[in-house]
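An overview of the molecular structure
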Amino acid sequence: MSLLRRYIWIILVVVAAILLILFNNPAKEKNSVTVEKSENVLEEEFESNSSEVVVDVKGEVVNPGVYSVESGLRVDGVIKMAGGLTAEADPSSVNLAQKLQDEMVISVLALPSVSNEEAGENNELLAINQATLEEIESLNGIGPSKAAAILQYREENGPFKSSKDLLKVSGIGEKTLENLEEYIRIP
């Protein structure tokens, strides 16, 4: 009997160790963690290889909003999907050739506004017979010496009757006259 008692303790310890190993298997935990990590990696790879990106189009487009589009599309394509640019849009405010990226924000800015007074000033032709030296110098291709020559001719010969009269001014040739004609008026 003493021999049996001695072996029972050994048997119980061995059985307990086996049960402990079976129910608390560290290899089993490792495998479950590996499976979870593999699923996350696959999910991330799927998202990065997805054929769709989502972008937010704002500002001066006809239909601003969030668009789901094909991967590899360019900014120009999604702006067309958004109805195109408005009349107030500044096309230089965005890179139309840029490839879209997921979660990208495309913000189309408006053109700088110009008051009616400024617009009128910019569109008026310069009355060459009444213009000051500074006003004549502001014309494209006219420097201080040509401006002074125009004033001197006008003082000596009276007002210009046609734009062709400017060819009589020293330093004004056909090419200069051609450039000036769209910016001046002779009443």
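Residues numbered from 1 in each chain as written. Predicted model: local features only at pLDDT ≥ 70, side-chain atom pairs only at ≥ 80, totals over all residues. Heavy atoms only, no water.

With respect to the overall build of the protein chain
Per the secondary structure count, the protein chain includes seven helices and five strands. In the protein chain, the succession of helices and strands from N to C terminus is α-α-β-β-α-β-α-β-α-α-α-β. The proportion of buried residues among the 187 residues of the protein chain is 22%. Counting only contacts in the protein chain whose residues sit at least 6 apart along the sequence, the fraction spanning at least 24 positions is 41%. Counting only carbon and sulfur atoms, one obtains 54% of the accessible surface of the protein chain, whose full area is about 13700 Å². (Helix = DSSP H or I, 4+ residues; strand = E, 2+ residues; numbered from the N terminus. Buried < 20%, exposed > 50% of the residue type's maximum accessible area, 1.4 Å probe, protein only. Contact = heavy atoms within 4.5 Å. Areas by Shrake-Rupley, 256 points an atom, 1.4 Å probe, with all protein chains shown as cover.)

Structural notes on the sheet that holds strand 3 (residues 105-108)
Strands in a sheet are paired, the pairing made by backbone hydrogen bonds, and the direction either parallel or antiparallel. Strand order in this open sheet of three strands is 2-1-3, and the pairing throughout is mixed. On the outer flanks of this sheet lie strand 2 (65-70) and strand 3, each paired with one strand and no other. Put simply, the sheet's adjacent strands are angled 30° from each other on average, direction ignored. Sheet topology places strand 1 (residues 52-59) next to strand 2; six bridges connect them, and they run antiparallel. Within the sheet, the bridge partner assigned to Asp56 lies in strand 2 and is Val66. (Pairing = 2+ DSSP bridges. Axes fitted to C-alpha atoms, helices over the stretch in contact; angles between N-to-C directions.)

Regarding the confidence of the model for the protein chain
On average, residues of the protein chain carry a pLDDT of 80, and 76% of them reach 70 or more. Of all secondary-structure elements in the protein chain, the lowest mean pLDDT belongs to helix 4 (residues 116-123), at 46, while strand 1 reaches the highest, 95. Contacts from residues 30-35, a stretch scored under 50 in pLDDT, to residues over four places away or in other chains number zero contacts. Confidence drops under a pLDDT of 50 for residues 114-120, and excluding neighbours within four residues, the segment shows one contact in the predicted structure. (pLDDT = per-residue confidence, 0-100.)

Looking at the nonpolar core
Formed by 18 residues in total, the largest nonpolar core has its most connected members in Ile136, Ile142, Ile150, Leu166 and Val169. Residue contributions to this core peak at five residues, all from helix 6 (residues 144-157). Not counting residues up to four positions away in its chain, the partners in contact with Ile142 are Ile136, Glu137, Ala147, Ile150, Ile172, Thr176 and Leu180. (Core = buried A, V, L, I, M, F, W, Y, C linked by side-chain atoms within 4.5 Å.)

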